[in-house]
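Below, each chain spelled out in residue letters.
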Amino acid sequence: GENVEQHPSTLSVQEGDSAVIKCTYSDSASNYFPWYKQELGKRPQLIIDIRSNVGEKKDQRIAVTLNKTAKHFSLHITETQPEDSAVYFCAAVIGGSNYKLTFGKGTLLTVNP
Amino acid sequence: NAGVTQTPKFQVLKTGQSMTLQCAQDMNHNSMYWYRQDPGMGLRLIYYSASEGTTDKGEVPNGYNVSRLNKREFSLRLESAAPSQTSVYFCASSPLAGVYNEQFFGPGTRLTVL
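Residues numbered from 1 in each chain as written. Chains lettered and ligands numbered in written order. Predicted model: local features only at pLDDT ≥ 70, side-chain atom pairs only at ≥ 80, totals over all residues. Heavy atoms only, no water.

A. Here's a closer look at unusual backbone geometry. His 7 of chain A connects to Pro 8 of chain A through a cis peptide bond whose omega is -5 degrees. For Pro 8 of chain A, the position within the fold is in the loop between β1 (4-7) and β2 (10-14). Residue Pro 8 of chain B follows Thr 7 of chain B across a cis peptide bond; omega there is -5 degrees. Here Pro 8 of chain B shows up in the loop between β1 (4-7) and β2 (10-13). A positive phi angle is found at Lys 71 of chain A, which is not glycine, with a value near 55 degrees. Secondary-structure assignment places Lys 71 of chain A in the loop between β7 (62-67) and β8 (72-77). According to the relative accessible area criterion, Lys 71 of chain A is partly exposed, its value standing at 27%. (Helix = DSSP H or I, 4+ residues; strand = E, 2+ residues; numbered from the N terminus. Buried < 20%, exposed > 50% of the residue type's maximum accessible area, 1.4 Å probe, protein only.)

B. Just the layout of surface pockets, in detail. Taken as a whole, the largest pocket spans an internal volume of roughly 910 Å³. Taken together, 40 residues make up the lining of the largest pocket; nearest its centre are Gln 38 and Phe 89 of chain A together with Gln 37, Asp 38 and Gly 42 of chain B. Among the elements of the structure, β1, β9 (86-93), β10 (101-103) and β11 (107-112) of chain A together with β4 (31-38), β5 (42-49), β9 (87-94) and β11 (109-113) of chain B are those that each provide at least two residues to the lining of the largest pocket. Counting residues per element, the lining of the largest pocket draws most heavily on β1 of chain A, which supplies four residues. (1 Å grid on protein atoms, 1.4 Å probe; cavity = no way out; pocket = protein on both sides within 12 Å on 5 of 7 lines; lining within 4 Å. Points joined across faces, edges and corners; volume = space filled by probe spheres on them.)

C. Examining the confidence of the model for chain A more closely. Averaged over every residue, the pLDDT of chain A is 93; the share at 70 or more is 97%. When pLDDT is averaged over each element of chain A, β2 of chain A comes out on top at 98 and β10 of chain A at the bottom at 91. (pLDDT = per-residue confidence, 0-100.)

D. View of the environment of Val 12 of chain B. Residues and elements named next belong to chain B. Along the polypeptide, Val 12 turns up in strand β2. Look at Val 12 and you get exposed, because its relative accessible area is 52%. Separated by 101 residues in the primary sequence, Val 12 and Val 113 place their C-alpha atoms 5.9 Å from one another. In this view, Val 12 contacts Thr 112 and Leu 114; residues no more than four positions away in its chain are not counted. (Contact = heavy atoms within 4.5 Å.)

E. The interface of chain A and chain B, seen in detail. Facing 19 residues of chain A, the contacting portion of chain B comprises 24 residues. Both sides of the chain A and chain B interface together cover about 2000 Å² of buried area, and 58% of this is carbon and sulfur. Together, Arg 43, Tyr 99 and Phe 103 of chain A form the three largest contributors to the area buried by chain A at its contact with chain B, with a combined 33%. Summed over the shared surface of chain A and chain B, the result is zero salt bridges. Between the two partners, chain A and chain B, sit five residue pairs in polar contact (both at pLDDT 80 or more). Contributions of two or more residues to the side of chain A that touches chain B are made by β4 (32-38), β5 (45-51), β9 and β10 of chain A. No other element matches β4 of chain A, which puts three residues into the side of chain A that touches chain B. Residue composition of the side of chain A that touches chain B, by class: nine nonpolar, five polar and five charged. (Buried area = accessible area lost by both parts, 1.4 Å probe. Salt bridge = Lys/Arg side-chain N within 4 Å of Asp/Glu carboxyl O. Polar contact = N/O pair within 3.5 Å; in protein donor to acceptor, adjacent residues only side chain to side chain. Nonpolar A, V, L, I, M, F, W, Y, C, P; charged D, E, K, R; others polar.)

This is the structure we're talking about:
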């Protein structure tokens, strides 16, 4: 079926380094790609999103890139800080529904001081 | 504003028992959603309500029912709980109908079915 695959499942970096998380999707009609951050024991929160008419979007240390031809999109975090440690989920609108987000399985990012 | 609230925070049920998870939002949002989160599985949509008076199935609706009581409240009912329904349940809401805007999540309900 239609799905979203997310890699890696775990990522450990040193404070100040960059982190990259990649997602691929199967539905070529997908046109909206949000990223959610979930700190341990907390609720998911939107950190950035991108629509298919844009190739890149930045917000301070966070950026998302989209390659529609290859059907993948990536989250880039620069100058990582310990408070960036969390689980990050990518998502995509799959199957033509305007109401259903399909989430990746998540990436546990650990930033070591 | 409290945002999205959920009750209860924790619940333990025996197989076959029923219960209702409550969700309310005070942001005047149109759409509301119920997700379940299992280890290594991400978030999976159970049911959603695009607007007051409508509900539709998501990815994993079997074993659940929902009610959009009014614009503020969206409840999830388990009629006969099974161990496979052990999970963390999140309610979410969004201002506009459809997924092309931010979803605001509640704090979650941790449910264990024995």
